[in-house]
Amino acid sequence: MGFDRVKAILDESIRVWQSHPGNDNPADLSGHGKTFSWATKAALLAAVGHGARLIQPEVIGNGQGHLANLIVDLRTGRNGPASRMPQGGPYIPDPQIKEIEDWIDGGCLD
Ligand code: HEM
């Protein structure tokens with residue numbers, strides 16, 4: 001699997017989130033910070049959300065993808081369920097979160 005699939009999963013999560021009653025439409029992701037983006041692979045690998053690198057370089061390609069801030073945020077929230085992303089849900093289905101984790105474990109291929 002390549003980056004295009006990762007981008008598709010994240011883009012779809014925002015589409016679903018902002019279509020959900022009660023959520024902002026469009027979603028306002030600007031509060032995460034200036035470098036928060038998955039527009040390209042380079043952007044995602046450099047992205048920081050609220051001060052946390054989404055994919056820390058040290059978790060790439062060595063079986064530690066489950067520790068990437070991005071994965072923890074999407075799966076459980078880094079500071080408990082209230083901070084699970086996208087905020088308040090609907091959340092990304094577990095198998096798709098696992099696809100992103102596997103992509104990180106595989107070395108973040110193009
Ligand atoms: C280190 C990673 C992340 C942290 C620490 C984080 C933290 C936060 C915080 C504190 C908020 C509420 C305040 C604000 O609007 O800025 C928020 C909102 C939100 N986050 Fe995240 N987030 C992270 C990653 C993500 C990711 C990867 C997604 C997408 C899948 C996401 C989707 C959202 C959405 C949709 C909102 C609500 C925006 C709105 O109200 O329009 N976040 N996040």
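Residues numbered from 1 in each chain as written. Predicted model: local features only at pLDDT ≥ 70, side-chain atom pairs only at ≥ 80, totals over all residues.

This paragraph deals with helix α1 (residues 3–19). Taking 1.5 Å as the rise per residue, α1 with 17 residues should run 24 Å; its terminal C-alpha atoms sit 24 Å apart, in good agreement. Of the surrounding secondary structure, the elements contacted by the buried residues of α1 are α4 (94–105). (Helix = DSSP H or I, 4+ residues; strand = E, 2+ residues; numbered from the N terminus. Expected span 1.5 Å × (residues − 1). Contact = placed C-beta atoms within 7 Å.)

Turning to the packing of α1 against α4, a few remarks are in order. In the contact formed by α1 and α4, the axes pass within 10 Å of each other and the chain directions differ by 145 degrees. Here the hand of the crossing between α1 and α4 comes out left-handed. Together, Arg5, Val6 and Ile9 of α1 and Gln96, Glu99, Ile100 and Trp103 of α4 make up the contact between the two elements. Grouping the amino acids of the contact of α1 with α4 by side-chain chemistry returns 4 nonpolar, 1 polar and 2 charged. (Axes fitted to C-alpha atoms, helices over the stretch in contact; angles between N-to-C directions. Left-handed = near helix turned anticlockwise from the far one by under 90°. Nonpolar A, V, L, I, M, F, W, Y, C, P; charged D, E, K, R; others polar.)

Moving on to the nonpolar core. Ranked by internal contacts, the top residues of the largest apolar core, which has 16 residues, are Ile55, Ala68, Leu70, Ile71, Leu74, Ile100 and Ile104. Per element, the largest residue contribution to this core is 4 residues, and it comes from α4. Discounting chain neighbours no more than four positions away, the residues touching Ala68 are Ile55, Gln56, Val59 and Ile104. (Core = buried A, V, L, I, M, F, W, Y, C linked by C-beta atoms within 7 Å. Buried ≥ 20, exposed ≤ 12 C-beta atoms within 10 Å, placed from the backbone.)

Nothing here speaks to function; it is all geometry.
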